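An overview of the molecular structure
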Amino acid sequence: MSSDATAVPLMQQSQAGATGQKEYQDCLPCRVMGGGVFVGLGAFTYLNGHSQLRQQQATILKSGSMFGMKSRQAGITGLAATFVGLGIYRLL
């Protein structure tokens, strides 16, 4: 019975939040920190990923995989760009 008693207030809170309350926004230091972390993660992913690809280039080419150097570089660059984009979005 106690689980039924807690379910009703939670439902009322979610309905009130959807209809009448202002949208939640983080404080400026939280946004700067979060955005900086994502931009830093993107830079780290790009630099470290391409560095490791250069080190393993001979092994990758010798393996005969259908994913060659260009597709792996594109994947790392795309992932890094996504992280940087998330960081910029977080700052705005």
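Everything numeric in this text was worked out from a predicted model, so none of it was measured.

What counts, and where the lines are drawn
- Residues numbered from 1 in each chain as written.
- Predicted model: local features only at pLDDT ≥ 70, side-chain atom pairs only at ≥ 80, totals over all residues.
- Heavy atoms only, no water.
- Helix = DSSP H or I, 4+ residues; strand = E, 2+ residues; numbered from the N terminus.
- Expected span 1.5 Å × (residues − 1).
- Buried < 20%, exposed > 50% of the residue type's maximum accessible area, 1.4 Å probe, protein only.
- Contact = heavy atoms within 4.5 Å.
- Patch = residues over 30% accessible without salt bridge, like charges linked within 9 Å, V, L, I, M, F, W, Y side chains within 5 Å.
- Areas by Shrake-Rupley, 256 points an atom, 1.4 Å probe, with all protein chains shown as cover.
- Salt bridge = Lys/Arg side-chain N within 4 Å of Asp/Glu carboxyl O.
- UniProt positions renumbered as here; feature names shortened; annotations may be inferred.
- Phe/Tyr/Trp six-rings, centres within 6.5 Å; stacked < 30°, edge-to-face > 60°.

**What to know about helix α4 (residues 69–91)**
For α4, spanning 23 residues, the distance from its first C-alpha to its last is 33 Å, which sits close to the expected 33 Å at 1.5 Å a residue. Every buried residue of α4 is accounted for by M69, I76, A80, F83 and G87. Where α4 is buried, its residues contact α2 (28–55) and α3 (57–63).

**Examining a nonpolar patch on the surface**
Together, L28, V32 and L91 make up a nonpolar patch on the protein surface, roughly 260 Å² of accessible area in all. Of note, L91 is situated in helix α4.

**A look at the UniProt feature "domain: Distal membrane-arm assembly complex protein 1-like" (unreviewed entry) in the chain**
Following the UniProt record, the feature "domain: Distal membrane-arm assembly complex protein 1-like" (unreviewed entry) maps to residues 26–64 here. The distance separating the terminal C-alpha atoms of residues 26–64 is 49 Å; by composition the span is 90% helix and 0% strand.

**A short note on the side chain of H50**
Residue position: H50 is located in helix α2. Note on H50: relative accessible area 12%, which makes it buried. Residues contacting H50, with those up to four places away along its chain left out, are T45, Q73, I76 and T77.

**Observations regarding the packing of aromatic side chains**
Under the defined criterion, the tally for this structure stands at one aromatic pair. Aromatic side chains F38 and F83 sit 6.5 Å apart centroid to centroid with 25° between the ring planes, which places their arrangement in the stacked category. In this pair, F38 is assigned in helix α2 and F83 in helix α4, connecting sequence segments 45 residues apart.

**Quick word on the side chain of T45**
Among the secondary structure elements, T45 is positioned in helix α2. Other than its neighbours up to four places away in sequence, T45 contacts H50, I76, L79, A80 and F83.

**Things to note about the pattern of salt bridges**
Applying the stated criterion across every chain yields a total of one salt bridge. As a salt-bridge pair, R90 and D26 come within 2.5 Å of each other at their nearest N and O atoms. Here R90 is found in helix α4, whereas its partner D26 is found in the loop between α1 (2–19) and α2, with 64 residues between them in sequence. On the basis of relative accessible area, R90 is assigned to the partly exposed category, the value being 28%. What makes D26 partly exposed here is its relative accessible area of 24%.

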